[in-house]
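Report on the structure
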Amino acid sequence: ATATATATTTQLDSLKALTTVVADTGDISSIARYKPQDATTNPSLIYKAALMPEYEKIVEEAVTYGKGDVGVIMDKLAVQFGTEITKIVPGYVSTEVDARLSFDTDATVEKARKIIDLYKEAGIDKSRILIKIAATWEGIKAAEILEKEGITCNLTLIFGIAQAIACAEAGGTLISPFVGRIMDWYKSKEGVDGYEPAEDPGVKSVTRIYNYYKKHGHKTIVMGASFRNAGEILELAGCDRLTIAPSLLETLSSASEAATKKLDAEKAKEMDIPKIDMDEKTFRWMMNEDAMATEKLAEGIRNFSKDIVKLEDVVREKIAAGEKN
């Protein structure tokens, strides 16, 4: 049957036939509504969810568990949300490592192992979890170590081809190349209000990465992320996975025009795309030459770090309130 066979088929349904749809949120009830395959969280999303009254119990449980140790409570909190999400989605749940460790390979590896141990304690097998790490050179090297231990990784904040190639060569399970944040940068740089989906610089970036991977036989999953509008999503139909915020899942659920395949692995194999051999020098040079990728990676790490600090402040308030009681 074709995607348009029934009147009740939504644009989201037709997209799901071409691409694995993932929910980009820490809001558990939103995830249940859209029945995605996987779910992704990040420090900013966990912070937002932790402030919602319906998740107060999750926060309280993490605070009790941590016995006053903020670091333990923060890890437990992310794992508590992740554990609830594993009950709803059949596939992967992504849990992010502290962004302040983005330039420390050893500390990232150690933190990832801790998160996996906490999941194990909660009865969740590591095969369900993607450890989310910012795709700095140090983060990519951490992922390389973790993947060899059987801990699967989602390398995030990907804004350029150098990051994507390094991740694939390190054996990363999945990458999250960003779309909307790239568009934001170019809109501001070029002084325009927006782009047609096919001309959107973020869409072009993910398309380039997808085609490079399929051309050169890389197995790493490409999961487009950070969308500003439904047009960007539909222009990447056919991508391995797309992680989408609830507001845009709602937009796609309310539309009926069928999504059509835009990215095609078989076509990519026929394309003339030269292979780039990646090492640290090449990575750093290519990032240096890409002002957008350099700026956006740094900004992404800064913003996630800020939200971690905000969440730690919430946790400290809870600890103080508990001590008073």
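Above this text you will find the structure in question.
Before going into details, it helps to say that this report is about the structure given with it. Predicted, not measured: the structure shown is a model, and the values here were computed from it. (Residues numbered from 1 in each chain as written. Predicted model: local features only at pLDDT ≥ 70, side-chain atom pairs only at ≥ 80, totals over all residues. Heavy atoms only, no water.)

Let us now look at the packing of helix α4 (residues 56–66) against helix α5 (residues 70–86). A pair of packed helices is captured by two measures, namely the crossing angle of their axes and the spacing between those axes. For the pair α4 and α5, interaxial distance at closest approach is 8 Å and the crossing angle is 140°. Taken together, the axes of α4 and α5 are oblique relative to one another. With respect to the hand of their crossing, α4 and α5 are arranged in right-handed fashion. Contacts from I58, V59, E61, A62, V63, Y65 and G66 in α4 reach V72, I73, K76, L77, Q80, F81 and E84 in α5. The residue inventory of the contact of α4 with α5, partitioned by class, reads nine nonpolar, two polar and three charged. (Axes fitted to C-alpha atoms, helices over the stretch in contact; angles between N-to-C directions. Helix = DSSP H or I, 4+ residues; strand = E, 2+ residues; numbered from the N terminus. Parallel < 35°, antiparallel > 145°, perpendicular 65-115°, else oblique. Left-handed = near helix turned anticlockwise from the far one by under 90°. Contact = heavy atoms within 4.5 Å. Nonpolar A, V, L, I, M, F, W, Y, C, P; charged D, E, K, R; others polar.)

Right, let's get into empty space enclosed by the protein. One pass over the structure, following the stated rule, counts one cavity of 30 Å³ or more. Taken as a whole, the largest cavity spans an internal volume of roughly 50 Å³. Every residue lining the largest cavity is listed: E96, V97, D98, A99, L101, S102, T108, K132, I133, A134 and G139. At three residues, strand β4 (residues 129–134) tops the list of elements feeding residues into the lining of the largest cavity. Its residues assigned to classes, the lining of the largest cavity shows five nonpolar, three polar and three charged. (1 Å grid on protein atoms, 1.4 Å probe; cavity = no way out; pocket = protein on both sides within 12 Å on 5 of 7 lines; lining within 4 Å. Points joined across faces, edges and corners; volume = space filled by probe spheres on them.)

Before going further, it helps to spend a moment on the packing of helix α14 (residues 280–289) against helix α15 (residues 291–324). Interaxial distance between α14 and α15 falls to 5 Å at its minimum, and their mutual angle equals 100°. Classified by the angle their axes make, α14 and α15 are roughly perpendicular. Contact residues: M287, N288 and E289 in α14; A291, A293, T294 and L297 in α15.

With parallel pairing, eight strands are arranged side by side around a closed barrel as β1-β2-β3-β4-β5-β6-β7-β8. Put simply, the sheet's adjacent strands are angled 30° from each other on average, direction ignored. Examined bridge by bridge, strand β1 (residues 20–24) and strand β8 (residues 241–244) share four bridges and lie parallel to one another. Paired with T20 across the bridge in β8 is R241. (Pairing = 2+ DSSP bridges.)

Considering all chains together, one arrives at four aromatic pairs under this definition. Taking 5.7 Å as the distance between ring centres and 75° as the angle between the ring planes, the aromatic pair formed by Y55 and F81 counts as edge-to-face. On the criterion of sequence distance, the pair formed by Y55 in the loop between α3 (43–50) and α4 and F81 in helix α5 is long-range, its members being 26 residues apart. Note on accessibility: Y55 and F81 belong to one class, buried. Directly above the aromatic system of Y65 lies the positively charged group of K76, at a separation of 4.5 Å from the ring centroid. (Phe/Tyr/Trp six-rings, centres within 6.5 Å; stacked < 30°, edge-to-face > 60°. Buried < 20%, exposed > 50% of the residue type's maximum accessible area, 1.4 Å probe, protein only. Lys NZ or Arg CZ within 6 Å of the ring centre and 35° of its normal.)

This paragraph deals with the pairing of β8. By the alternation rule, side chains of β8 split into R241 and T243 and L242 and I244, which are all buried. Here strand β7 (residues 221–224) runs beside β8; their pairing, made up of two bridges, is parallel. Counted as the bridge partner of G224 is L242 from β8.

Turning to the nonpolar core, a few remarks are in order. When a protein is soluble and globular, its nonpolar side chains tend to lie buried together. Membership of the largest hydrophobic core comes to 101 residues, with the highest contact counts inside it found for L15, I131, L155, I175, Y213 and I244. At 10 residues, the largest contribution of residues to this core is made by α15. In this structure, L15 is in contact with V21, I233, A237, L242, I244, L252 and A259, ignoring residues within four places of it in sequence. In this structure, V22, L130, I221 and M223 belong to the second largest nonpolar core, which totals six residues. (Core = buried A, V, L, I, M, F, W, Y, C linked by side-chain atoms within 4.5 Å.)

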